[in-house]
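Fold and geometry: a report
One letter stands for each residue in the lines below.
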Amino acid sequence: MALFFEFEADFVNSLRCIPMQIRYKLDTCGIKLKLSDWLQMTQDEREALLELPCTTQTEVETYKEYLQQLILERTGTPVTQLPVEPYPTWMDSSNIPIILQEKAQELGVNLTLEQWVALTPLQRFALIKLSRPSHENKNFPHAITEFHLL
């Protein structure tokens, strides 16, 4: 079953944007997916990407191969592959990334290690992605509230 965050509520029914759960899987398998590519997929294909597991090494490889083929079929262009971090920051519950601490402090929030540890890897992933300078950041305050970090 797909897990969506409340801050994604404005687009989850149509899947017009790429949900965090998919972004998490993309980082896990090392594929860059453009929104334009995502929008060329059918609703059923988008839902399949949500439902397909991407946890074990075998699942990650299967997911990657499926997505590579799907994008090639839809766009005629091979996917852009990205390096996969062997131990991504969102899996490290012992260290809060500096960029995330700084972004939280802009909102007057002081994240504690206890709070960080209590978050799921997907929640930590979302916070890291939403705190990047290259991201629009409009959902960062909503995520902070949704994850009870105030």
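The structure presented is a predicted model; accordingly, all values stated were derived computationally and were not measured.

1. Notes on the overall build of the chain
From N to C terminus, the chain includes eight helices and two strands. Along the chain, from the amino end to the carboxyl end, the secondary structure elements read α-β-α-α-α-β-α-α-α-α. Relative to the compact-globule value of 15 Å for 150 residues, the chain shows a C-alpha radius of gyration of 16 Å, a close match. Each principal axis of the C-alpha distribution contributes one length, and for the chain these read about 45 × 30 × 30 Å. With 150 residues in all, the chain has 43% of them scored as buried.

2. Comments concerning a positive patch on the surface
A cluster of basic side chains, namely Arg23, Lys32, Lys34 and Arg132, defines a positive patch on the protein surface. Along the chain, the position of Arg23 falls in helix 1 (residues 20-29). Residue classification places Arg23 among the partly exposed residues on the basis of a relative accessible area of 34%.

3. A look at the nonpolar core
Phe7, Leu100, Leu127 and Phe147 are the most contacted members of the largest nonpolar core, which totals 23 residues. Ignoring anything within four residues of it in the chain, the contact list for Leu127 reads Leu100, Leu119, Phe140, Ala143, Ile144, Phe147 and Leu149. Core analysis: the next-biggest nonpolar cluster, separate from the first, contains 18 residues, Ile31, Leu67, Leu70 and Val79 among them.

The rules behind the values
Residues numbered from 1 in each chain as written. Predicted model: local features only at pLDDT ≥ 70, side-chain atom pairs only at ≥ 80, totals over all residues. Heavy atoms only, no water. Helix = DSSP H or I, 4+ residues; strand = E, 2+ residues; numbered from the N terminus. Rg over C-alpha atoms; globule rule 2.2 N^0.38 Å. Buried < 20%, exposed > 50% of the residue type's maximum accessible area, 1.4 Å probe, protein only. Patch = residues over 30% accessible without salt bridge, like charges linked within 9 Å, V, L, I, M, F, W, Y side chains within 5 Å. Areas by Shrake-Rupley, 256 points an atom, 1.4 Å probe, with all protein chains shown as cover. Salt bridge = Lys/Arg side-chain N within 4 Å of Asp/Glu carboxyl O. Lys, Arg positive; Asp, Glu negative; His and termini not counted. Charge placed at Lys NZ, Arg CZ, Asp CG, Glu CD. Core = buried A, V, L, I, M, F, W, Y, C linked by side-chain atoms within 4.5 Å. Contact = heavy atoms within 4.5 Å.

Interpretation note: all reported values are geometric properties and have no functional meaning in isolation.
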